[in-house]
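Structural description and commentary
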Amino acid sequence: MTSCLIVDDSKVVRTLERRIMEGLGFTVAEAEDGQKAAEYCQAQKPALILLDWHMPVMDGLQFLTVLRAMPDGALPKVIFCTTESEINHIMQAMSAGADEYVMKPFDAEIIRGKLEQIGML
């Protein structure tokens, strides 16, 4: 199975994303902030990361910068899943190395479509 790391400070969102991803056949790990996600990625690289923007300790953009600087940090596909809808935020995320961008709220079909676009399904 393909591995997925869900990074979001909301337990409710992590639970929703876990259900979606497990339903699509992924194995799932979770982190509640960017720092914990970075520590996880130091030990093992997931194939896919669903990433929130606004989190305590280390936000999603900071985490993405740290991830992409790690050895093999370019490998995981990263989808930002956030409430940020302004074009400058989207451009900032894509410039930092995100592969796709999803606005909250979303559902399984939206995630499935994004995964197909980036070649993960």
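Preceding this paragraph is the structure being described.
One structure accompanies this document, and this report is about it. As the structure is a computational prediction, the values presented were derived from the model and not from experiment. (Residues numbered from 1 in each chain as written. Predicted model: local features only at pLDDT ≥ 70, side-chain atom pairs only at ≥ 80, totals over all residues. Heavy atoms only, no water.)

Turning our attention to the sheet that holds strand β2 (residues 27–31). Pairing is parallel across the open sheet formed by five strands, whose spatial order is β2-β1-β3-β4-β5. The strands lining the two open edges of the sheet, one partner per strand, are β2 and β5 (100–103). Sheet twist, expressed as the average angle between the axes of neighbouring strands with direction ignored, equals 20 degrees. Here strand β3 (residues 48–51) pairs with strand β4 (residues 77–82) via four bridges, running parallel. The residue of β4 that forms the bridge with Leu48 is Lys77. Strands in contact with helix α1 (residues 11–23) are β1 (3–7), β2, β3 and β4; relative to β2, the strand with the most contacts, it is inclined by about 165 degrees. Sitting on the sheet, helix α5 (residues 108–117) touches β3, β4 and β5, and the angle it makes with β5 is about 170 degrees. (Pairing = 2+ DSSP bridges. Helix = DSSP H or I, 4+ residues; strand = E, 2+ residues; numbered from the N terminus. Axes fitted to C-alpha atoms, helices over the stretch in contact; angles between N-to-C directions. Contact = heavy atoms within 4.5 Å.)

Our focus in this paragraph is unusual backbone geometry. Put simply, Lys104 and Pro105 share a cis peptide bond, and its omega is 0 degrees. Within the fold, Pro105 resides in the loop between β5 and α5. At Val57, a residue that is not glycine, the phi angle is positive and equals roughly 70 degrees. When you line up the elements, Val57 lands in the loop between β3 and α3 (60–69).

This part covers the pattern of salt bridges. Enumeration over the complete set of coordinates arrives at 10 salt bridges. Its salt-bridge partner being Asp99, residue Arg68 comes within 3.2 Å of it at the nearest N-O pair. With Arg68 in helix α3 and Asp99 in the loop between α4 (87–96) and β5, this pair connects stretches of sequence that are 31 residues apart. Judged by relative accessible area, which is 26%, Asp99 ranks as partly exposed. Taken together, the salt bridges that share partners define one network made up of Lys11, Arg14, Arg18, Glu22 and Glu30. (Salt bridge = Lys/Arg side-chain N within 4 Å of Asp/Glu carboxyl O. Buried < 20%, exposed > 50% of the residue type's maximum accessible area, 1.4 Å probe, protein only.)

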